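Listed below are the residues making up each chain.
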Amino acid sequence: MKRKVVVTGMGVISPIGTSVEEFCASLKSGKSGIGKITAFDTTEFDVTIAGEIKDFDPSRWMDKKEARKMCRFTQFAAAAAADALADAKLLGEPDADGRRKVTSVPEKTGVVLGNGIGGFEVVGESFKKLFDAGPKRMLPLTVPMMISNEAAGNVSMLYGTKGPAFTQVTACASGTDALGQALDLIRAGRCDVVVAGGTEACVIPFAIGGFQMLKALSTKRGDTPEQASRPFDADRDGFVLGEGAGVLVLESEEHAKKRGARIIAEFAGYGASADAHHITAPDPSGSGGCAAIKQAIADADMKPEDVQYYNAHGTSTEINDPTETKMIKLAFGDYAKKLKVSSTKSMTGHCIAAAGALEAIACILAIRDGFFPPTINLDNPDPECDLDYVPNKAQYGTINAAISMSLGFGGHNGAVAFKKYVG
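Fair warning: this is a prediction, and the values are worked out from it, not measured in the lab.

What follows deals with the sheet that holds strand β4 (residues 109–114). Strand order in the open sheet formed by ten strands is β5-β4-β6-β7-β1-β8-β14-β13-β9-β10, with mixed pairing between adjacent strands. Each edge of the sheet is formed by a strand with only one pairing partner; in this case those strands are β5 (165–168) and β10 (340–342). Neighbouring strand axes in the sheet, compared pairwise and without regard to direction, differ in orientation by 25° on average. Both strand β1 (residues 5–13) and strand β7 (residues 244–252) contribute to a ladder of eight bridges, which runs antiparallel. Among the inter-strand pairings, G11 is bridged to a residue of β7, identified as V247. Sitting on the sheet, helix α6 (residues 150–159) is in contact with β4, β5 and β6 (193–200), with an inclination near 150° to β4.

The subject of this paragraph is the pairing of β4. In terms of burial, β4 is a largely internal element, six of the six residues being buried. Here β4 shows no split at all, with T109, V111 and L113 on one side and G110, V112 and G114 on the other all buried. The sheet contact formed by β4 and β6 spans six bridges and is parallel. Counterpart to T109 in the pairing with β6 is V193. Across four bridges, the pairing between β4 and β5 is parallel.

All right, on to the packing of helix α3 (residues 72–87) against α6 then. It is at 9 Å that the axes of α3 and α6 come closest, and there the two elements cross at 45°. With respect to each other, α3 and α6 are oriented oblique. In this structure, α3 meets α6 at a crossing whose hand is right-handed. For the pair α3 and α6, contact is made by F73, T74, A77, A78, A81, A82 and L85 and by E150, A151, N154, V155, L158 and Y159, respectively. Partitioning the contact of α3 with α6 into residue classes produces ten nonpolar, two polar and one charged.

Close contact between helix α7 (residues 174–187) and helix α13 (residues 353–369) brings their axes to 5 Å; oriented N to C, the two are set at 60°. By the angle class used here, α7 and α13 are oblique. Of the residues in α13, those in contact with S174, G175, T176 and L179 of α7 are A353, G356, A357 and A360. Along the lines of polarity and charge, the residues of the contact of α7 with α13 split into four nonpolar, four polar and no charged.

This structure, assessed with the given rule, holds 24 salt bridges. Note that R3 and D192 form a salt bridge whose closest N and O atoms lie 3.0 Å from each other. Placement of the pair is R3 in the segment before β1 and D192 in the loop between α7 and β6, with a sequence separation of 189 residues. When its relative accessible area of 11% is taken as the criterion, D192 is described as buried. Between R262 and D87 there is a salt bridge, with the nearest N and O atoms lying 2.7 Å from each other. One end of the pair, R262, is in the loop between α9 (253–258) and β8 (265–274); the other, D87, is in helix α3, with 175 residues separating them in the sequence.

Counting 46 residues, the largest nonpolar core has L250 and F418 as the members making the most contacts within it. Considering each element in turn, this core owes the most residues, ten residues, to α13. Once residues within four sequence positions are removed from consideration, F418 is found in contact with V7, L248, E266, F267, A268, A360, C363, I364, I367, N400, A401 and A402. A67, M70, L85 and A151 belong to the second largest nonpolar core, which has 37 residues in total.

So, how was this worked out
Residues numbered from 1 in each chain as written. Predicted model: local features only at pLDDT ≥ 70, side-chain atom pairs only at ≥ 80, totals over all residues. Heavy atoms only, no water. Pairing = 2+ DSSP bridges. Helix = DSSP H or I, 4+ residues; strand = E, 2+ residues; numbered from the N terminus. Axes fitted to C-alpha atoms, helices over the stretch in contact; angles between N-to-C directions. Contact = heavy atoms within 4.5 Å. Buried < 20%, exposed > 50% of the residue type's maximum accessible area, 1.4 Å probe, protein only. Parallel < 35°, antiparallel > 145°, perpendicular 65-115°, else oblique. Left-handed = near helix turned anticlockwise from the far one by under 90°. Nonpolar A, V, L, I, M, F, W, Y, C, P; charged D, E, K, R; others polar. Salt bridge = Lys/Arg side-chain N within 4 Å of Asp/Glu carboxyl O. Core = buried A, V, L, I, M, F, W, Y, C linked by side-chain atoms within 4.5 Å.

Okay, here's the thing in structure tokens:
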């Protein structure tokens, strides 16, 4: 018998809300978080828009001195983790230093966070100092701030978790794969509790410039940024970069029940596969992604028709959207036409490693509140994308199970399945 794993806490830092309930309200109303980039001067860039988190003040969640030692992606993760742990009623009272530590068997509480590219703002600043003034002018904390594992490390140190602290790096599938690794840790008995999710902060010149050179980003709607991310629409012209963090507190059912925790949903299944096809493009047959979806459904002890909602990777690129449509049809068969599918990236943009975690939370909220988040800007459907993508307005109905899918550069595919919790 597999150990049942449940969700007891959630935390969100996103372009459409910096709390779970604000995020949820934005999903229901179809609010766009895409706007003009304010973090840097975009005069020389073709891309001038992104899903930024504006007015983020890390001191709301942590000490200012601690925050100054962290890159932005780590600050996002620490903030989302604090809210998730507080939501799960796992944070104790502040100590003499003002820190709130995790209570309840911290030695078996782990952290698994996905991150795609680390702290590139520090890399860029340090390279500039190196080239302009020499190595002695580089930032002293360049290395510990930039590396991807520092989000998991800092969350562990801030909140006193003493189980394993891992980082998952599978590009845009990182957040989803981090959740899957956490699921396995709890099922194996290595952890009773895992703080898991994904984080990314790459609305910076280096990342925008790099994706721009790949011709991957939307460039046609700089004057109407809220309309730029349009998954499954025939007029899409690329994805919109976003940033943020999504964190879940996952527990074994017996541990959650023993401490009287509120259980939000069951984390029922996970599947992963590799396309073995191309470094940036998915296998056009959809077979790789299909394998991950089928694994997640089987791991959750479900049949395809048990799933009511599928949160798509749905990037708004020429190649992804019809390919993912093929994946869904291969995985769900004739039932695909009855399945509600949507891409919340139409609202948040593509938050890279944070995407899978934020979209997992969207699935959990959809189950909790009985609604299907919309795919906004779906005005002119692509004939190759012929499923029910919940265009433009949220719909309402009972959801017993939902799946979230992530695809990453390198051919990484990850899928997670959540169920309405039945005790």
